[in-house]
Amino acid sequence: MAAATESPNISSGYSPQEILQEVRNFLHGANYKAQNQKQRESLAQSALILLRTLPTARHAVLEYMANMFDEAVNNYLLEMDIGHKVTDTGSQVIDSFLHDACGVLHAFIQTNSVAWAPIISSWSLELLGHISSKYADRRGVPHTGSLNELLQLWLTCVPTKLLIEVATECFAQMVSGAPENCVDSLLEASVKYTPHFDWVVAHIGSAFPRTIITRVLMCGLKDYCHHGNHGDGNVDTKIPKMGSVVGILGHLASKHGHDIRDALLTLFQESLDTSRGTSKATTVPFLLQLASMSPLLLHILATDLVNMLNATVLNHLHVQMQPWVSNYPQEFKSMMTLVVHLVMQTDVGADKVLHFLVYNATVTKDDVPEGTILPLPEIQKMCSALLDQILNETQASIYRRGRLESSIDLPFLGALGTKLSTLTKDLLNSTGQRCKWLQRLICYIILYKGEKFGADTLAFILSNAVNNEQLAQFIKIQQNIEMGMGQVLSGCVQQVMDLLQHQRSTNKLRLLNNLYALTKWEASLDKTIIRATFKSCLESHWECLSKLLLNDDVQVSMVILKLLNYVTVPRNLSSGAALSVCGSLVALFFNVLNTEDTRAVNPMVQACKRCARLLSSRPYAQSILVRYLIEGAVDCENKHLLGGKTDLGTATSGSRDSHTSLRAENKKHGVSLTTLRSHSSVFHAGVIGHGLRAKTKLHTLSKELVDRNCLFLEEMLWDCCKEHRTKVVGQSEGQGEAEGQEKTHVSYNLRIPPDLCRMIGTLLVEMTTPDVLYNNRFWPEEESLKMTVERDLHVWKFFDDNPVLWRILQMVAGNTLVISRCSAVLKSLTATMMHHFELSREKMATNTPKQLESACYLVRSLGKSGLLPHPLNIMSELFPSLTPYEVYLILLAIWRFMKENPPTEDPDEVTRRVCEPRHLEVVKSIVHCNIETFGQFYARFFPQGADVKQEEDGES
């Protein structure tokens, strides 16, 4: 190899005659190809001498060198094909010559880079492009798409490695002085030999990333300014270097993406500087054109560049580009079309682009702090037009996609699909044109992404809407997407049920109120409108919805109840589901009674009653509902609502602050080892020494609230008990009735079903009596009452602790079946009252009002059922004016009548009952003794006809 210090001039130690001889040898050898090794060596030596000593011969020598490089590459690929190295002396001569020639070139570049670097750079790049293109189809050469494999191949090839080193050395020398020349050479070669030349661009660009990227962009911009505003046609033919610019930047993107980003932003910022004196109006169109050809550049523009476009920059760009827009209106129109296309192709940063357009199209002085610069009206108008075009293009693409049933890729919608919840939240907080844009966009995203996204969006609106205007977005979106997604409302309801059951962070009251508001709106629609309804969707979730009635918040439970009433009871309701919903409804009813505000309670109770009527239309649910209501009325948690007495709390063991019950203590001791004659062998009764059991403070309701609750309970029971049939004029039987819909005609059958009567009577006996003894319907002799005193007192105490039972008894007393089944209870109550009044030493019965009221209830119950005939059935009217003993005598007369005429379920036998004279002797005597008080009522108790008949019967 020639020394690098040798000077490339004529005075290199060779005389003119010697140089002339070398020229002849070179021309002879070049014209007649050398055959043997000696000739080839001589030719190579002449070429090197001429390259060093005769500058005018450089083109010929470089051409000869190009042939040698070409032959060397061909030999390398041939050896790679056959699998072993060819030991040819010609190949050795070529390799030696190439190394020496490259050494000379390196020396030229280092000693006189200004003169030689441009020449050698152009030659080496042209040769690399020629070789890469010529041998691209050879076996073993990777495809141009595999850039890494292509780099590995050519960098392991000695000739191409030597060439790329020479080209890199030229770039290193020219970067600081004339970077435009080297970049121009690179671009020209890239345009000519792409894509086979890409590996050269990637290698050189990796060595000088910042310089290459910056100069490539500047060259591309210069070429765009020269060709971009003239002519028509394809971009590649219109702007020749644009494809190469994009290709070079694409090759450098993997390792130098941040450098490309910085270069693009710097180029844009420099375009805003008007002090340079050159027009920068085409920079933005140039960047947009680049972005249309490269996803990487589009990503940078959609993220980083958009962030720089504040109102000040936009206003400056508008002023700067105004002359360009005026001179080239068609180019400006094409640029706007390109912007729409780029937005449609944006994936990363799509949300930023959308926010940028929407904000600049709708921002007003009221939306920003005082003193903030706003975009010019022309810019706002332009952003609005872009949004309309984007939405129109999106709509066309969506409908085309659905019509062709093809998987057309829409990156913009796909990227915004991940931000759907944020967009929906913005929609709820938007008004005017902004709201319309977001609404359309959300509909297109749903149609593109699928039904699940639609269901999630609708459920999100239901969960977050706080007023009717926001809730109206639900209806609008549903109407727009329902034709393409028939099951979207069903999926939305499923999402709502999941939120109600599993998401604790969900505002359930707001969600349910919104759902109920939509069902009320739905009920007001024309039934001929074909659309999916909440009623049909909620029917499949009726059982799951009913389980939520036991929510801790009464307001939540009430809204759920209203929804259940709107849906009505499913026809195929299972017995298990009926059992569950009846229990939940009763628990909700008693929970509602805790509310002291009567005005608020009344609509809640009416909703409970409506649901009870719907459930009681099923016989099996009717019995369950009535049983739960009666049992709930005497439950320790509810009895205080109805005037009942609450038992004292259980005693505690251990320290005074302990809350462990005796039951828990004994369970703990029950798992331990029992030792004879120790404390572990006896019942654990607490710890001695902690004093008396603390009394439980009871919260008692006022009499007005108790009476109100009792009245509501009676109404609820009556709605559940009666066998009602509702007929609405103009409405087919079995059709659901909407909430608040008025009925034109209603007819009721007030008869209680016989089976339900028997169940009520049996239930009252089961609850109040301690055992099954003496539970028959027969009333024994008076003397036998001594044996049932404890039992009778238990029944009396149960009624005394739960006074609502008297009202329930009075409510159903008109039915003989109930009272006949309650015979054991009435018998014990009567015995207790007889015992009390017989032993009472009060002057008047009114001095013991509780017992007197109970005695009146008993007589009225027996009389209302028909088991007591006239006048015994109205004897309770005399009790307030009698002494205790007189009351006892009348009760004794009633007892004896019931003993002789036991309760029966036969209605015919009941209607034939009459009082014989012996049953009325005591009663008449009491009335006669108090004639001054009861004289005016005598005819009512003992009509004249009855007295005559009794006298005739007595004489006979």
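Computed from a prediction, not measured in an experiment: that's the story for all the values here.

## Details of the packing of aromatic side chains
Now for step 1: The full count for this structure, using the stated rule, is 13 aromatic pairs.
Now for step 2: Judged by centre distance (6.1 Å) and plane angle (65°), the rings of Phe-69 and Trp-123 are edge-to-face. Separated by 54 residues along the polypeptide, Phe-69 in helix α3 (residues 58-82) and Trp-123 in helix α5 (residues 113-134) bring together distant segments of the chain.
Now for step 3: Considering the side-chain rings of Trp-154 and Trp-199, the 6.1 Å spacing of their centres and the 25° angle between planes classify their relative orientation as stacked. Taken together, the residues span a long stretch of sequence, with Trp-154 in helix α6 (residues 147-156) and Trp-199 in helix α9 (residues 198-207) at a distance of 45 residues. Of the two residues, Trp-154 and Trp-199, both sit in the buried class.
Now for step 4: Chaining the aromatic ring pairs together yields one cluster made of Phe-799, Trp-806 and Tyr-857.
Now for step 5: Just above the ring of Tyr-566 sits the side chain of Lys-535; from NZ or CZ to the centre is 5.9 Å.
Now for step 6: Seen from the ring of Phe-942, Lys-924 lies directly overhead, with NZ or CZ sitting 5.6 Å from the centre.

## Quick look at the nonpolar core
Now for step 1: Counting 299 residues, the largest nonpolar core has Trp-154 and Leu-615 as the members making the most contacts within it.
Now for step 2: Tallying contributions element by element places helix α12 (residues 242-271) first for this core, with 13 residues.
Now for step 3: The contact partners of Leu-615, leaving out residues within four places of it in the chain, are Trp-542, Val-569, Leu-573, Val-581, Cys-582, Leu-585, Ala-621, Gln-622 and Leu-625.

## Topic: the packing of α6 against α9
Now for step 1: Across the interface, α6 lies against α9 with an axial gap of 9 Å and an inter-helix angle of 85°. Looking at the two axes, α6 sits roughly perpendicular to α9. Contacts between α6 and α9 involve Leu-147, Leu-150, Leu-151, Trp-154 and Leu-155 from the first element and Asp-198, Trp-199, Ala-202 and His-203 from the second.

## Comments concerning the confidence of the model for the chain
Now for step 1: For the chain, the average pLDDT comes to 81, and 83% of its residues sit at 70 or higher.
Now for step 2: In the predicted structure, residues 945-956 sits below a pLDDT of 50 and forms six contacts with residues beyond four places in sequence or in another chain.

## Describing the environment of Cys-492
Now for step 1: Secondary-structure assignment places Cys-492 in helix α24 (residues 488-502).
Now for step 2: Linking Cys-492 and Gly-454, residues 38 residues apart in sequence, is a C-alpha distance of 7.6 Å.
Now for step 3: In this structure, Cys-492 is in contact with Ala-455, Leu-458, Ala-459, Leu-462 and Phe-474, ignoring residues within four places of it in sequence.

## Some words on the side chain of His-919
Now for step 1: For His-919, the position within the fold is in helix α42 (residues 917-929).
Now for step 2: If we ignore the near neighbours within four places in the chain, the residues touching His-919 are Leu-872, Ala-893, Phe-897, Glu-900 and Asn-901.

## Here's the deal with unusual backbone geometry
Now for step 1: The peptide bond linking His-870 to Pro-871 adopts the cis configuration, its omega dihedral lying at 5°.
Now for step 2: Following the sequence through the fold, Pro-871 ends up in the loop between α39 (849-865) and α40 (884-900).
Now for step 3: Unlike most non-glycine residues, Thr-568 shows phi in positive territory, near 70°.
Now for step 4: The topology assignment puts Thr-568 in the loop between α28 (554-567) and α29 (575-592).
Now for step 5: Residue classification places Thr-568 among the buried positions, given a relative accessible area of 17%.

## Quick word on helix α38 (residues 823-839)
Now for step 1: With 17 residues, α38 should reach 24 Å at 1.5 Å per residue; the first-to-last C-alpha distance of 24 Å fits that figure.
Now for step 2: Where burial is concerned, most of α38 is hidden: 13 out of the 17 residues are buried.

## Considering the pattern of salt bridges
Side chains that carry opposite charge are capable of pairing whenever their charged atoms lie near each other.
Now for step 1: All told, the structure shown has 30 salt bridges when counted by the stated rule.
Now for step 2: Linking Arg-138 and Asp-81 is a salt bridge whose minimum nitrogen-to-oxygen distance equals 3.7 Å. On the criterion of sequence distance, the pair formed by Arg-138 in the loop between α5 and α6 and Asp-81 in helix α3 is long-range, its members being 57 residues apart.
Now for step 3: Taking the relative accessible area as the measure of exposure, Asp-81 reaches 28% and is therefore partly exposed.
Now for step 4: The shortest N-O distance in the salt bridge between Glu-782 and Lys-899 comes to 3.4 Å.

## As for the environment of Val-859
Now for step 1: Of note, Val-859 is situated in helix α39.
Now for step 2: You can call Val-859 buried: its relative accessible area is 2%.
Now for step 3: With 35 residues separating them in the primary sequence, Val-859 and Ile-894 have C-alpha atoms 8.5 Å apart.
Now for step 4: For Val-859, the residues in contact, after removing those within four places along its chain, are Leu-868, Leu-872, Asn-873, Met-875, Ser-876, Phe-879, Leu-891 and Ile-894.

## Side note on a nonpolar patch on the surface
Now for step 1: Judged by side-chain polarity, Leu-773, Tyr-774 and Met-787 come together as a nonpolar surface patch covering roughly 360 Å² of accessible area.
Now for step 2: Mapped onto the fold, Leu-773 is located in the loop between α34 (754-768) and α35 (789-801).

## Regarding the packing of helix α21 (residues 432-449) against helix α23 (residues 468-481)
Now for step 1: Between α21 and α23, the least distance of the axes is 10 Å, while the angle of their chain directions is 45°. In this view, α21 runs oblique relative to α23, as classed from their interaxial angle. Crossing of α21 over α23 shows right-handed handedness. Contacts from Cys-435, Gln-439, Ile-442, Cys-443, Ile-446 and Leu-447 in α21 reach Gln-473, Lys-476, Ile-477, Asn-480 and Ile-481 in α23.

## Quick word on α23
Now for step 1: End to end, α23 covers 20 Å across 14 residues, agreeing with the expected 20 Å (1.5 Å per residue, within 8%).
Now for step 2: Taken together, the buried positions of α23 are Gln-470, Leu-471, Gln-473, Phe-474, Ile-475, Ile-477, Gln-478 and Ile-481.
Now for step 3: One side-chain oxygen of the residue at the start of α23 lies 3.2 Å from the amide nitrogen of Glu-469, identifying that residue as Asn-467.

## Considerations on the environment of Glu-886
Now for step 1: Checked against the element boundaries, Glu-886 lands in helix α40.
Now for step 2: Sequence spacing of Glu-886 and Ile-926 is 40 residues, and the spatial spacing of their C-alpha atoms is 7.0 Å.
Now for step 3: Filtering out sequence-adjacent residues up to four positions away, Glu-886 remains in contact with Ile-926 and Asn-930.

Reading the values: the criteria
Residues numbered from 1 in each chain as written. Predicted model: local features only at pLDDT ≥ 70, side-chain atom pairs only at ≥ 80, totals over all residues. Heavy atoms only, no water. Phe/Tyr/Trp six-rings, centres within 6.5 Å; stacked < 30°, edge-to-face > 60°. Helix = DSSP H or I, 4+ residues; strand = E, 2+ residues; numbered from the N terminus. Buried < 20%, exposed > 50% of the residue type's maximum accessible area, 1.4 Å probe, protein only. Lys NZ or Arg CZ within 6 Å of the ring centre and 35° of its normal. Core = buried A, V, L, I, M, F, W, Y, C linked by side-chain atoms within 4.5 Å. Contact = heavy atoms within 4.5 Å. Axes fitted to C-alpha atoms, helices over the stretch in contact; angles between N-to-C directions. Parallel < 35°, antiparallel > 145°, perpendicular 65-115°, else oblique. pLDDT = per-residue confidence, 0-100. Expected span 1.5 Å × (residues − 1). Salt bridge = Lys/Arg side-chain N within 4 Å of Asp/Glu carboxyl O. Patch = residues over 30% accessible without salt bridge, like charges linked within 9 Å, V, L, I, M, F, W, Y side chains within 5 Å. Areas by Shrake-Rupley, 256 points an atom, 1.4 Å probe, with all protein chains shown as cover. Left-handed = near helix turned anticlockwise from the far one by under 90°. Polar contact = N/O pair within 3.5 Å; in protein donor to acceptor, adjacent residues only side chain to side chain.

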